[in-house]
Amino acid sequence: MTDQDKKGFVPGLLKGMGTTARAMTRHAHTQEYPDVSPQLPPRSRGVIALEESNCTSCMLCARECPDWCIYIDSHKETVPPTTEGGRERKENVLDRFAIDFSLCMYCGICIEVCPFDALFWSPEFEYAETDIRDLLHEKDRLGQWMATVPAPPALDQGAPVDQPEPTESAPSEPQPAQAPDEDPAP
Amino acid sequence: MSTFGEVVLRSLCVLIAFLVLPLLVGQTEHKLMAHMQGRLGPMYAGGFHGWAQLVADGVKFTQKEDIVPLAADKPVFRLAPALGIVSYLLALAVIPFGPHLVAAGITGSLLWVLAVGAIGTVGTLMAGWSSGNKYALIGGLRSAAQLVSYEVPLILAAASFAMAAGSFSLVSIAHAWTPWWLLWQLPGAIVFLVAGTAELQRPPFDMPVADSELVMGPWTEYTGLRFALFLLAEYAGIVVVSLVLAVLYLGGWTGPFDHQIGPFWVLLKGFFFAVIILWMRMSWPRLREDQLQRVAWLGLVPLALLQIVLTAAGVVLTT
C-alpha cells in the first residue's frame, strides 16, 4: 500500500457512502412495466402490420425474409373490362398472408422491400402466447395491427414536397416518407 | 407455576423478537440497497411495496429439497445451521430494552453476549469442514482466520465499555451512560461496529463467502431451510450487534420520555446502527484477505488498545 493510498483510505470510504446516499435521494430508474406502460419511441419495432388492400401478392417480402417466416398464397382472377370493348385484366387475389413471429427476427427487411406500402411497423409488443403456434399471425390479425401504426414522422424542413399520389384504394393508411429508389433485391 | 409461566412468556417474547427483527432488517436492506442502486427493490409480495418479500422467500426456502451431500460429515452438516441460530437467540435474551425490561437479567450479560456470540461462528466452521467441498473448506478456513483476528478488537472494545461503567451488566452499563461517552468512547464504538460487522462476515468483510471465488463459502452445499437458517442467523447477528452497540454506546433506553417509550429508543438506536452496517455493505468493495488481516491487526487492535488507555485514564481521573 503506497502512501497515496493510505492518505485516501478514510476519505475514500466516506466518499463511497456519500455516493450511495446521494443515489438514494434520486428517483429510481426502474420501469414498472406491467403497471406503467413504457414510453416507446414511435418507430419501435413491435409487430408488423399488413394493409391488405395494398398487397399485390408480389412475394418480394416472402423472398427477402431471411428466415422465411412469411407465407403467401394467392390466385389470379380475371377482371372483366371496365369499358365497352376493353380488354380483360388479370388480378392477383391474396388468399393467405401470414407472418410467423416465432421465427421473425424483426429485421424489417420485408417492410423495406415492399414496393406497395402494404407492411408497416407497429410499436405494439404485447402479443406473447402460451402456445408457440399462436404466434403465427394470419392476415386478419396482421390487419388489426394497422390501427396501431403511428403516423409517419414529419418531413424535414425544406424537404422537396411530392405531388400527393391519388390513392383511392388505401382508405386511411399512413403515407410513409419512403425512399422511392429502394432497390428491391437482385 | 407462575415462575414457569413467566419463563415461557419471556422466552416467547425473545423468540418473537428473534423472528421479527431480522426480517425488518432484511427488508430494510432490500429497500435501502435498491434505492441506493437506483432501483425499487421488491414491489409485489404482500401488495404494499413488497413488504412480505422475506416471508415469501421463507416459504420458498421451505419448499426446497433438503440435500445432504454424499461426502459430507452428515450429523455435523445437519447441526451446523442450528448453532448459528441458537447463539444469537441466546444473545438476544440478555439485551435490555429498559431498566427492568430484559428477558434474562443476568449480571455478566456483556460477557454472556460475547461468549454465545462466538458459538455462532463455530457453526460456520462446522459447515465449512463438514460439507466435503473444497470451496466450503477454503471458506471455512478464511472465516476461521477472520474470526480469530476480529474477536480480539471486539472484546477489547467491549472491555472498554465495561471499564467505563465498572460493570459487566448491560443494564448497569446503560445506567452509567452519560452523553460524554459519545466522545469518550467513540474509538471503541467504531472498533466494535467494524469488528462486529467482520464477525458477521458481512460485506465488506465477506471474504469467506466471496461468491466470485468460493461460490458461497461454507454455505455452498446448503439448500432449503438450512440455508435459510444461515441467512436468518446473519440478520439476527446484525440485530444483536446493533442492539448491543445501542446499549453500550448510545445508552440504550436513555432519551426523552424514556419512562414511557424506553424500548422504542433501544430499537431506534439499534436500527441506526443496523442501517450503518447495511450502508457499509452497499458502499464499499470487498477486502482482500491480506487487507482484511491488516485492518484487524494494524488498525482495529491498536485503536482498541488506545481506547482502553483512554477509558482507564478517564475512570481514574473522574473517580
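Residues numbered from 1 in each chain as written. Chains lettered and ligands numbered in written order. Predicted model: local features only at pLDDT ≥ 70, side-chain atom pairs only at ≥ 80, totals over all residues. Heavy atoms only, no water.

**Student:** I'd love a proper account of a negative patch on the surface, names of residues and values included.
**Tutor:** Residues and elements named next belong to chain A. A contiguous patch of negative charge on the surface is contributed by D73, E77, E91 and D95. Of all elements in the fold, only strand 2 (70-79) and strand 3 (89-100) reach the threshold of two or more residues within the negative patch. Relative to the assigned elements, D95 resides in strand 3. (Patch = residues over 30% accessible without salt bridge, like charges linked within 9 Å, V, L, I, M, F, W, Y side chains within 5 Å. Areas by Shrake-Rupley, 256 points an atom, 1.4 Å probe, with all protein chains shown as cover. Salt bridge = Lys/Arg side-chain N within 4 Å of Asp/Glu carboxyl O. Lys, Arg positive; Asp, Glu negative; His and termini not counted. Charge placed at Lys NZ, Arg CZ, Asp CG, Glu CD. Helix = DSSP H or I, 4+ residues; strand = E, 2+ residues; numbered from the N terminus.)

**Student:** Report on the sheet that holds strand 2 of chain A, specifying residues and quantitative values.
**Tutor:** Picture the strands of a sheet paired through backbone hydrogen bonds; they go either parallel or antiparallel. Residue and element names in this part refer to chain A. One open sheet accounts for 3 strands, arranged 2-3-5; its pairing is antiparallel. The open sheet has two edge strands with one neighbour each: strand 2 and strand 5 (136-137). Both strand 3 and strand 5 contribute to a ladder of 2 bridges, which runs antiparallel. For D100, the partnering residue across the bridge sits in strand 5 and is L136. (Pairing = 2+ DSSP bridges.)

**Student:** Before we move on, can you summarise the state of the cysteines with the specific residues and values?
**Tutor:** Residues and elements named next belong to chain A. The final tally for this structure, using the stated rule, is 0 disulfides over all chains. Of all cysteine sulfurs in the structure, the one in C61 sits closest to C58, which takes part in no disulfide; the separation is 6.1 Å. Cysteine C114 is unpaired, with the sulfur of C58 as its nearest cysteine sulfur at 6.2 Å. (Disulfide = S-S within 2.5 Å.)

**Student:** Which residues make up the nonpolar core, and what values go with them?
**Tutor:** Counting residues in each nonpolar core, the largest one holds 80 residues, and the members touching the most others are B:Y150 and B:F192. Of all the elements, helix 10 (residues 224-249) of chain B adds the most residues to this core, at 15 residues. In contact with B:Y150, not counting residues within four places along its chain, are B:A195, B:A198, B:E199, B:F205, B:L292, B:V295, B:A296 and B:L300. One finds A:L50, A:F120, A:L135 and A:V149 within the second-largest nonpolar core, a separate group that totals 31 residues. (Core = buried A, V, L, I, M, F, W, Y, C linked by side-chain atoms within 4.5 Å. Buried < 20%, exposed > 50% of the residue type's maximum accessible area, 1.4 Å probe, protein only. Contact = heavy atoms within 4.5 Å.)

**Student:** Tell me about helix 4 (residues 109-130) of chain B, and name the residues and values.
**Tutor:** Look at helix 4 of chain B: 32 Å from first C-alpha to last across 22 residues, which is about the 32 Å you get at 1.5 Å a residue. At the exit of helix 4 of chain B stands B:G132, carrying a positive phi of roughly 65 degrees. (Expected span 1.5 Å × (residues − 1).)

**Student:** Got a sec to walk through the packing of aromatic side chains? Specific residues and values, please.
**Tutor:** All names here are of chain B. Applying the stated criterion to the full structure yields 16 aromatic pairs over all chains. With a centroid separation of 4.9 Å and 75 degrees between ring planes, the pair formed by Y222 and F230 is classed as edge-to-face. For F230, a relative accessible area of 5% translates into the label buried. Through successive ring pairs, a cluster of aromatic residues spans F61, F77, W219, Y222, F227 and F230. Its guanidinium or amino end placed over the ring of F61, K60 lies 5.2 Å from that ring's centre, counting from NZ or CZ. Sitting over the face of the ring of W177, K269 holds its NZ or CZ atom 5.9 Å from the ring centroid. (Phe/Tyr/Trp six-rings, centres within 6.5 Å; stacked < 30°, edge-to-face > 60°. Lys NZ or Arg CZ within 6 Å of the ring centre and 35° of its normal.)

Distances and angles like these do not, on their own, reveal function.
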